[in-house]
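Here is how the chains run, residue by residue.
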Amino acid sequence: MSNSEKPANSDTPAAKTNQAWGGRFNEPVDAFVERFTASVNFDKRLYRQDIQGSIAHARMLAEAQVLTAQERDQIIAGLTDIEAQIDAGQFVWSVPLEDVHMNIEAALTQKIGIVGKKLHTGRSRNDQVATDIKLWLRDQIDQIAPILTRLQRGMIELAAKEASTIMPGFTHLQTAQPVTFGHHLLAWNEMLERDYSRLQDCRKRLNQSPLGAAALAGTTYPINRQFTAEALFFDRPTENSLDSVSDRDFAIEFCAFASMLMTHLSRMSEELVLWTSAQFQFIHLPDRFCTGSSIMPQKKNPDVPELVRGKTGRVNGHLVALLTLMKSQPLAYNKDNQEDKEPLFDAVDTVSDCLRAFADMIPAIESRKEIMFEAARRGFSTATDLADYLVRKGIAFRDSHEIVGKSVAYGIAQNKDLSEMTLEELQQFSPEITADVFNVLTLEGSVAARNHLGGTAPAQVSAAAGRALARLAERN
Ligand code: ARG
């Protein structure tokens, strides 16, 4: 055996390299490579879950008689101390120790001696990190879900209050037909309702324990995967060890949820920005959600919705980053996967903040009812109602469409809405028009007539708001 092949001991260079895997190395890792490959600066965020997973693993090892009860208790006590130390901000993280897992394990060994080195029996950082991220993401999902619910509750309650507030409904951002503001808000709520169910789907699918997959093939120790799965409140252990350590589809799925949610919040933001503008003035946003301009004293900018709209881009970016990270990886674990954390962490943080901002802001919206009403009155928003009226008088829809088109052209030339024309003026376009036409040309008549499930009639909006609130109440 040549000198350089000697096993590591205190007088070989390998002794200066990493204690967790330094055994087969002849020289210490390059200082830059050490920093380049380390993840502790960001994955230390997983410390609680890492310790939680280690405690479950130690319990299971004792159950399987791989550890004695005394060793188990020493390990658990040591880990509990370390957690308290990290909580208190007294833990010193070391970059040479690479990641959160090895930092904690090294601290444990320092604290309790040789027994600390037994913790890693029958597991690998590969199943450990997959477990940590799943536990962490599950915790985050359980914190995000109630904020989403709070936002929805505020939105539905506002919708109920605004069930008969009339505003223009748009297609192509052109005035189309009158709707109620409550109906518009409930449309937003439906988007969020689906986002909520996507979030819960993601939670359901991720909730399987990878622990026991070890590096990739499983382990030779008599482990009990059911035991650790239950201890960590997973529904069951994962089926396949190779898959367990390699796929990050659960993180991708969360980011897909996050992108969809942000896309929805961004659409809402866009409307809030439009509606607070001098050109629309549909709503008032309290000053606390806005900021001023350093140069233009008159300005009040809707920064919160603008920022939410802007942050959608970065969340979409994280989704694409994770999909790209995964797309060409051979089975099983690859170091590429260390790159999963920063995008995931930032997606979680961004979504949490944006939801919170929205949950605070939405109930504070004040509608400017007269301005909304006036806007709906302009733009011939009851033209379809006139066409439907003529159909009820026996005229074919295509012909009535033509008749109303001509009335609108006349209205544009005369600068008059349909409801402002006299009966004689309207009758130039069809003799079938009689005095009762004015019931359908009013905005109130127009919305009230759309009185079916999913329609904009105030009665329907109130009922829909009631059902939406009842659905929220069923969430646990
Ligand atoms: N820091 C690593 C990660 O985040 C932990 C797993 C490392 N495993 C390994 N065999 N190098 O993915």
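Note that the structure is predicted; figures quoted are calculated from it, not measured.

The rules behind each value
Residues numbered from 1 in each chain as written. Predicted model: local features only at pLDDT ≥ 70, side-chain atom pairs only at ≥ 80, totals over all residues. Heavy atoms only, no water. Buried < 20%, exposed > 50% of the residue type's maximum accessible area, 1.4 Å probe, protein only. Helix = DSSP H or I, 4+ residues; strand = E, 2+ residues; numbered from the N terminus. Arc of directions from axis to C-beta. Contact = heavy atoms within 4.5 Å. Near = heavy atom within 4 Å. Polar contact = N/O pair within 3.5 Å; in protein donor to acceptor, adjacent residues only side chain to side chain. Areas by Shrake-Rupley, 256 points an atom, 1.4 Å probe, with all protein chains shown as cover. Phe/Tyr/Trp six-rings, centres within 6.5 Å; stacked < 30°, edge-to-face > 60°. Lys NZ or Arg CZ within 6 Å of the ring centre and 35° of its normal. 1 Å grid on protein atoms, 1.4 Å probe; cavity = no way out; pocket = protein on both sides within 12 Å on 5 of 7 lines; lining within 4 Å. Points joined across faces, edges and corners; volume = space filled by probe spheres on them. Nonpolar A, V, L, I, M, F, W, Y, C, P; charged D, E, K, R; others polar. Core = buried A, V, L, I, M, F, W, Y, C linked by side-chain atoms within 4.5 Å. Expected span 1.5 Å × (residues − 1). Disulfide = S-S within 2.5 Å.

Our focus in this paragraph is helix H13 (residues 369-377). An α-helical turn contains 3.6 residues, so a residue and the one three or four places further along point in the same direction. Listed in full, the buried residues belonging to H13 are Met372, Ala375 and Ala376. Angularly, the buried residues of H13 cover 100° about the axis, an arc narrow enough to put them on a single face. Looking at the buried residues of H13, the elements they touch are strand S1 (166-171), helix H7 (181-206), strand S5 (283-284), strand S6 (366-367) and helix H18 (443-449). Positive backbone phi, at 90°, marks glycine 379, one or two positions downstream of H13.

Within the structure, the ligand sits among Ser39, Asp43, Asp99, His101, Arg125, Asn126, Val129, Tyr333, Gln338 and Lys341. In the model, a nitrogen atom of the ligand is placed 2.9 Å from a nitrogen or oxygen of the asparagine 126 side chain. In isolation the ligand has 340 Å² of accessible area, and contact with the protein removes 86% of it. Ranked by residues supplied to the shell around the ligand, first place goes to helix H6 (residues 125-161) with 3 residues.

This part covers the packing of aromatic side chains. Taken as a whole, this structure holds 10 aromatic pairs when the rule is applied. Taking NZ or CZ as reference, arginine 24 lies 5.8 Å from the ring centre of phenylalanine 25, over its face. Over the ring of phenylalanine 234 we find arginine 138; its NZ or CZ atom is 5.1 Å from the centre of that ring.

Attention shifts here to the layout of surface pockets. Its volume calculated, the largest pocket comes out at about 360 Å³. Of all the elements in the fold, those that place two or more residues in the lining of the largest pocket are S1, strand S2 (174-180), H7 and helix H10 (249-276). A total of 6 residues in the lining of the largest pocket trace back to one element, the largest contributor, which is H10. When its residues are assigned to classes, the lining of the largest pocket shows 10 nonpolar, 4 polar and 3 charged. Considered as a void within the structure, the second largest pocket measures approximately 300 Å³ in volume. Together, 13 residues line the second largest pocket, and Thr276, Ser277, Lys300, Asn301 and Pro302 are the ones closest to its centre. Residue assignment for the lining of the second largest pocket shows that the elements contributing at least two residues are H10 and S5. Residue composition of the lining of the second largest pocket, grouped by class: 5 nonpolar, 5 polar and 3 charged.

If you look at the biggest cluster of nonpolar residues, it comprises 72 residues, and the most contacted ones within it are Phe254 and Leu265. Elements represented by at least two residues in this core include exactly H6, H7, H10, helix H11 (303-326), helix H12 (341-361), H13 and helix H19 (458-473). Ranked by the residues each element gives to this core, the list is headed by H6, at 14 residues. The residues contacting phenylalanine 254, other than those within four sequence positions of it, are Leu137, Ile141, Ile144, Leu199, Cys202, Leu344, Ala347 and Val348. Residues Ile76, Ile82, Phe91 and Val115 belong to the second largest nonpolar core, which totals 21 residues.

Before going further, it helps to examine H19. Under the 1.5 Å per step criterion, the end-to-end length of H19 is 23 Å for 16 residues, consistent within 8% with the ideal 22 Å. All of the buried residues in H19 are Gln460, Val461, Ala465, Ala468 and Leu472. Each buried residue of H19 lies within a common arc of 135° when the element is viewed along its axis, so the set occupies one face. Structural note: H19 exposes Ala459 and Ala473 on the side pointing more than 90 degrees away from its buried face. Structurally, H19 contributes buried residues whose contacts are with H6, S2 and H7.

Position of glutamate 420 relative to the elements: it lies in the loop between helix H15 (397-414) and helix H16 (423-427). Since its relative accessible area comes to 37%, glutamate 420 is described here as partly exposed. The sequence separation of glutamate 420 and phenylalanine 438 amounts to 18 residues, and the corresponding C-alpha distance is 9.4 Å. Aside from chain neighbours lying at most four places away, what touches glutamate 420 is Arg377 and Asn415.

Looking now at empty space enclosed by the protein. Summed over all chains, the structure comprises 1 cavity of 30 Å³ or more. Taken as a whole, the largest cavity encloses approximately 30 Å³ of empty space. Lining the largest cavity we find His57, Met60, Leu211, Gly212, Ile223, Asn224, Arg225 and Thr228. Elements supplying a minimum of two residues to the lining of the largest cavity: helix H3 (47-63) and helix H8 (225-231). The class makeup of the residues in the lining of the largest cavity is 3 nonpolar, 4 polar and 1 charged.

Turning our attention to the state of the cysteines. Applying the stated criterion to the full structure yields 0 disulfides. Note on cysteine 354: no disulfide assigned, nearest cysteine sulfur contributed by cysteine 255 at a separation of 14 Å.

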